[in-house]
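Descriptive structure summary
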Number of protein chains: 2
Amino acid sequence: MATIRDIARLTGHSISTVSRAINHSGYVAPETKAKIMAAVKKLDYRPNHIARELSSGRTHRIGLILPSANHPFFHRLVNSISAAALSAGYEVVLLPTNYNRHVEVDRLEELRAHAFDGLIFTSRSNSFDFIMQYADYGPIVCCENTRHYPLSCAYKNRENSFQKTFQRLKAKGYRKIGVTVSRNEYVSASAQATIRAYQRVFGLPLKDELLFRDALTPFDGATAAGEFLAAEPGLEAILANSDEIAAGVYQYCQHHQRQLTLIGQDNELISQLLNFSTIDNHLNDIGSIAFSLLFEKEVKKVLVPATFIERHLPSLHQA
Amino acid sequence: MATIRDIARLTGHSISTVSRAINHSGYVAPETKAKIMAAVKKLDYRPNHIARELSSGRTHRIGLILPSANHPFFHRLVNSISAAALSAGYEVVLLPTNYNRHVEVDRLEELRAHAFDGLIFTSRSNSFDFIMQYADYGPIVCCENTRHYPLSCAYKNRENSFQKTFQRLKAKGYRKIGVTVSRNEYVSASAQATIRAYQRVFGLPLKDELLFRDALTPFDGATAAGEFLAAEPGLEAILANSDEIAAGVYQYCQHHQRQLTLIGQDNELISQLLNFSTIDNHLNDIGSIAFSLLFEKEVKKVLVPATFIERHLPSLHQA
DNA sequence: TTGAAAGCGCTAACAT
DNA sequence: ATGTTAGCGCTTTCAA
């Protein structure tokens, strides 16, 4: 591999002149530049990326913390963040943690070691208090409400959207509603928000039998539906933590000839095809805003309001 | 930010001793090491990632070329590749090209500039001949058959699986079959393979009215179904280029009360829920194999055979 | 067991 | 317009 020094030697110029010529910066005589460019071509020279990073102190790379890449929620964020990064001249490094807090710590340490110019959290396994300790080492943005912590975020107001959804259901006369959440309420703020919203709207706590924890796959959705119906045969509706889970519920209903009102989240293709209602959290907006917040000087918290998309499942019919 | 020199100064040792202590390599007296570690803690020191990369010449980072992140096909590959990378101590950088060959060239140039230790192509917009020129600068692996080119790959034999699928349909007595492809046959090897397979099985060329090009979204699937049926009212089956597209076809059929045999690809959730047949290309395997091939000394080409998953759509019924 | 010193390949301030 | 030089922060060889 040819280095800048080789070019300097070959052309008889100094490395700084070569550097200037290559970067089209500063003064370089046209003929000098031409000669240098010829040498560059001749020696198949390319400036070393890493050396540039070291010298400039910037990587033009941001890290993206996510549990694993295989969930629609994260796909959306990855899409929008990487699109925003591309057009801003940044590259994004995928940092799957599998919800392992130690892996997450390693990534924060990498931020500290200047491996990235910034970090975006789409999920987290450590406390805000802990994460905040790394804020000095580079910009950190979260895709959830960081509340009173001085960390920028682009987020949806879950409690609010859940509350509205429950109110909607209440207004329609529904009383028996099952709810699925992705992780238990001790770990997940989302689960807490769901539970609180229910309590607030209906004035009484969500029964434990009508709360399904750790719903991750459509299969879990079907399981949840089964358990709900066993505990409460008069069940009227299910609010699921994603369209995928709702699809699992749908499948169960089809199979057992039950009609339920179904509400998913994130307006995935499946909800459009199966035609059930969904809460659109506008993840694309959250992603691109999160990216842009990395470069704000001050801490900013941007609320992206959710939208309710109402759809009606066709009524049941036997084949 | 404290540097290794600060630690050296504070402890009164040389930077090389500090380096050895930090890296747990070479000889360092226990007390010396303890003293150094104490200083490390005291000064909140962390070795600079970039400097290490420059010094060692390796980044432990691989680039992943893909058109954009929003297609299930790529999700699968991203998942499996990033999982494989994680467990091998590598990080993956997402490199969306939007099928723009110039962007792709820029990424190849980055490989040349040592920004990555290797590159995986999940799609490409440049010729193999062109890409090969960069093979000297670092390992390159493709997720499609590289044929006679000396480039490693993990791939599915598309022509073979399409052929088997057509044979299956032929055996069932089907003759009127529509086919969707994602890009036209002049650009896409996959489209060519589909067309050839049809010709080989049925002995006559696929009619142009029964080939839909540029099918990217479920909406395109619905459009394709409409066009096929307009051109050939007796249409019996559609082979789609993905489960998403097939789902679009499904939607059209539902809406227009038509019964068609549907075959998608990649065994996505939607095909399971809607219960139509699909060709499972085992993208997870392709991804993890592709990653492992980066580190093989020789060029290797690994065929991952596809599997046909037969499912039966429930017959039509009016609500 | 430790340290001096030479890189790694580049940028940028400063001098000419 | 060009060159000198001092970094950037680390690893590694070699000598002590």
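Residues numbered from 1 in each chain as written. Chains lettered and ligands numbered in written order. Predicted model: local features only at pLDDT ≥ 70, side-chain atom pairs only at ≥ 80, totals over all residues. Heavy atoms only, no water.

1. Quick look at the UniProt feature "domain: HTH lacI-type" (unreviewed entry) in chain A
The following threshold applies: UniProt positions are given in the numbering used here, feature names are shortened, and annotations may be inferred rather than shown by experiment. Each helix corresponds to a stretch of at least 4 residues labelled H or I by DSSP, and each strand to a stretch of at least 2 residues labelled E; elements are numbered beginning at the N terminus.
Summarizing the sequence annotation, UniProt attributes the feature "domain: HTH lacI-type" (unreviewed entry) to residues 2-56 of chain A in the numbering used throughout. The span residues 2-56 of chain A shows a helical share of 71% and a strand share of 0%, and its end C-alpha atoms are spaced 21 Å apart.

2. Describing the environment of N184 of chain B
Residue and element names in this part refer to chain B. Stated precisely, the cut-off is as follows: The criterion used for residue contact is that any of the two residues' heavy atoms lie within 4.5 Å.
With respect to the helices and strands, N184 occurs in the loop between β6 (177-180) and α9 (189-202). Put simply, N184 and H255 are 71 residues apart on the chain and 28 Å apart in space, counted from C-alpha to C-alpha. Setting aside residues no more than four positions away along its own chain, N184 makes contact with A191, R213 and D214.

3. Some words on the packing of helix α8 (residues 158-171) of chain B against α9 of chain B
Residues and elements named next belong to chain B. As a reminder, the rule being used: Helix axes are fitted to C-alpha atoms over the stretch in contact, other axes to C-alpha atoms as well, and angles between N-to-C directions run from 0 to 180 degrees. For classification, angles of less than 35 degrees are called roughly parallel, those exceeding 145 degrees roughly antiparallel, those between 65 and 115 degrees roughly perpendicular, and all remaining angles oblique. For a crossing to be left-handed, the near helix must be turned anticlockwise from the far one by less than a right angle; the clockwise case is right-handed. Throughout this entry, Asp, Glu, Lys and Arg are counted as charged residues, while Ala, Val, Leu, Ile, Met, Phe, Trp, Tyr, Cys and Pro are counted as nonpolar. The remaining residues, Gly among them, count as polar.
Two elements in contact, α8 and α9, have axes whose closest approach is 8 Å; the angle formed by their N-to-C orientations is 40°. The orientation of α8 with respect to α9, classified from their angle, is oblique. Where α8 crosses over α9, the two elements pack in a sense that is right-handed. On α9, the residues that touch R158, E159, F162, Q163, F166, Q167 and K170 of α8 are A189, S190, A193, T194, R196, A197, Y198, R200, V201 and F202. The residue makeup of the contact of α8 with α9, split by class, is 8 nonpolar, 4 polar and 5 charged.

4. Some words on the protein's contact with DNA strand C
Applicable threshold: Note on definitions. A residue lies near a molecule or strand when any single heavy atom of the residue is within 4 Å of it.
Lining the immediate surroundings of DNA strand C are 26 residues, of which I4, Y45 and S55 of chain A together with A29 and T32 of chain B lie closest. Counted by atom, the contact set of DNA strand C within 4 Å of the protein is 58% sugar and phosphate. For the surface near DNA strand C, the elements supplying multiple residues, two or more each, are α1 (4-11), α2 (15-23) and α4 (49-56) of chain A together with α2 (15-23) and α4 (49-56) of chain B. For the surface near DNA strand C, the leading source of residues is α2 of chain A, giving 4 residues. In terms of residue class, the surface near DNA strand C is built from 9 nonpolar, 13 polar and 4 charged.

5. Focus on the sheet that holds strand β12 (residues 307-309) of chain A
All names here are of chain A. To be explicit about the condition: Strand pairing is assigned whenever DSSP detects at least two bridges linking the two strands.
Read from one edge of the open sheet, 6 strands run β7-β6-β8-β9-β10-β12, paired in mixed fashion. Taken across any chain shown, the strands that pair with only one partner, and hence form the sheet edges, are β7 (211-212) and β12. Across 2 bridges, the pairing between strand β6 (residues 177-180) and β7 is parallel. Following the sheet pairing, T180 is matched in β7 by F212.

6. Comments concerning the side chain of R107 of chain B
How we decide: Exposed residues in this analysis have more than 50% of their type's maximum accessible area, buried residues have under 20%, and partly exposed residues fall in between, with area computed by a 1.4 Å probe over protein chains only.
Counting through the fold element by element, R107 of chain B comes out in helix α6 (residues 101-112). Using a relative accessible area of 9% as the deciding quantity, one classes R107 of chain B as buried. Residues contacting R107 of chain B, with those up to four places away along its chain left out, are L86 and E91 of chain A together with I65, L95, F116 and L119 of chain B.

7. Concerning the pattern of salt bridges
Put simply, the test is: Salt bridge, as used here: a side-chain nitrogen of Lys or Arg that lies within 4 Å of a carboxyl oxygen of Asp or Glu.
Under the defined criterion, the tally for this structure stands at 34 salt bridges over all chains. Here E296 of chain A and K300 of chain A are joined by a salt bridge, their closest N and O atoms 3.0 Å apart. The partly exposed category is assigned to E296 of chain A, whose relative accessible area is 30%. For D6 of chain B, the salt bridge goes to R9 of chain B, with nearest N and O atoms at 3.3 Å. With a gap of 3 residues between them, D6 of chain B and R9 of chain B both fall in helix α1 (residues 4-11), about one helical turn apart. Using a relative accessible area of 22% as the deciding quantity, one classes D6 of chain B as partly exposed. In the salt-bridge network here, residues are joined through shared partners; they are D44 and R46 of chain A together with E109 and R112 of chain B.

8. Notes on the protein's contact with DNA strand D
Our working rule: Definition of a polar contact: a pair of N or O atoms within 3.5 Å, with one able to donate and the other able to accept a hydrogen when the atoms are protein atoms, and with sequence-neighbouring residues admitted only if both atoms are side-chain atoms.
As a matter of local geometry, DNA strand D sits amid 26 residues, with Y27, A29 and T32 of chain A together with I4 and Y45 of chain B nearest to it. Within the contact set of DNA strand D, a phosphate oxygen lies 2.5 Å away from a side-chain nitrogen or oxygen of Y45 of chain B. For the surface near DNA strand D, the secondary structure elements donating two or more residues are α2 and α4 of chain A together with α1, α2 and α4 of chain B. The element best represented in the surface near DNA strand D is α2 of chain B, accounting for 4 residues. Grouping the constituent residues of the surface near DNA strand D by class yields 9 nonpolar, 13 polar and 4 charged.

9. Some remarks on the nonpolar core
Most often, soluble globular proteins have nonpolar side chains that are buried together. Using the following cut-off: To form a nonpolar core, buried Ala, Val, Leu, Ile, Met, Phe, Trp, Tyr and Cys residues must be joined to one another through side-chain atoms within 4.5 Å.
Of all hydrophobic cores here, the largest spans 88 residues; its most connected members are F166, I177 and I238 of chain A together with F166, I177, V179 and I238 of chain B. The contact partners of I238 of chain A, leaving out residues within four places of it in the chain, are G178, A225, F228, V249, L260, T261, L262 and I263 of chain A. Listed in part, the 48 residues of the second largest apolar core include A154 of chain A together with I62, A84 and I286 of chain B.

10. Structural notes on the domain arrangement of chain A
We apply this condition: In this entry, domain limits derive from an automatic or database-based domain assignment.
Once the domains are mapped, chain A shows domain 1 (4-47), domain 2 (59-156 + 284-303) and domain 3 (158-280). Domain 1 of chain A and domain 2 of chain A are separated by 39 Å when their C-alpha centres are compared.

11. Structural notes on the relation of the copies chain A and chain B
Let me state the cut-off plainly: Alignment of copies: least-squares fit on C-alpha atoms of residues with pLDDT of at least 70 in both copies.
Expressed as a screw transformation, the operator carrying chain A onto chain B has a rotation angle of 180° and an axial translation of 0.1 Å, and the superposed copies differ by an RMSD of 0.1 Å. Seen this way, the second copy is the image of the first under a two-fold rotation axis. Ranked by how close their C-alpha atoms come to the rotation axis, the residues of chain A are headed by V93 of chain A, at 2.1 Å.

12. What about the side chain of T180 of chain B?
All names here are of chain B. Tracing the sequence through the fold places T180 in strand β6. Residue classification places T180 among the buried residues on the basis of a relative accessible area of 3%. At 2.6 Å, the side chain of T180 forms a polar contact with the side chain of N241. Those residues in contact with T180, other than ones at most four positions away along the chain, are F212, A215, A224, F228, L239, A240, N241 and I245.

13. Details of α1 of chain B
Residues and elements named next belong to chain B. Here is the rule: Throughout, the arc means that of the directions going from the helix axis to the C-beta atoms.
I7, A8 and T11 are the residues of α1 that are buried. Projected down its long axis, α1 carries its buried residues within an arc of 100°, all on one side. Here the buried face of α1 lies against α2 and α3 (30-43). Positive backbone phi, at 80°, marks G12, one or two positions downstream of α1.

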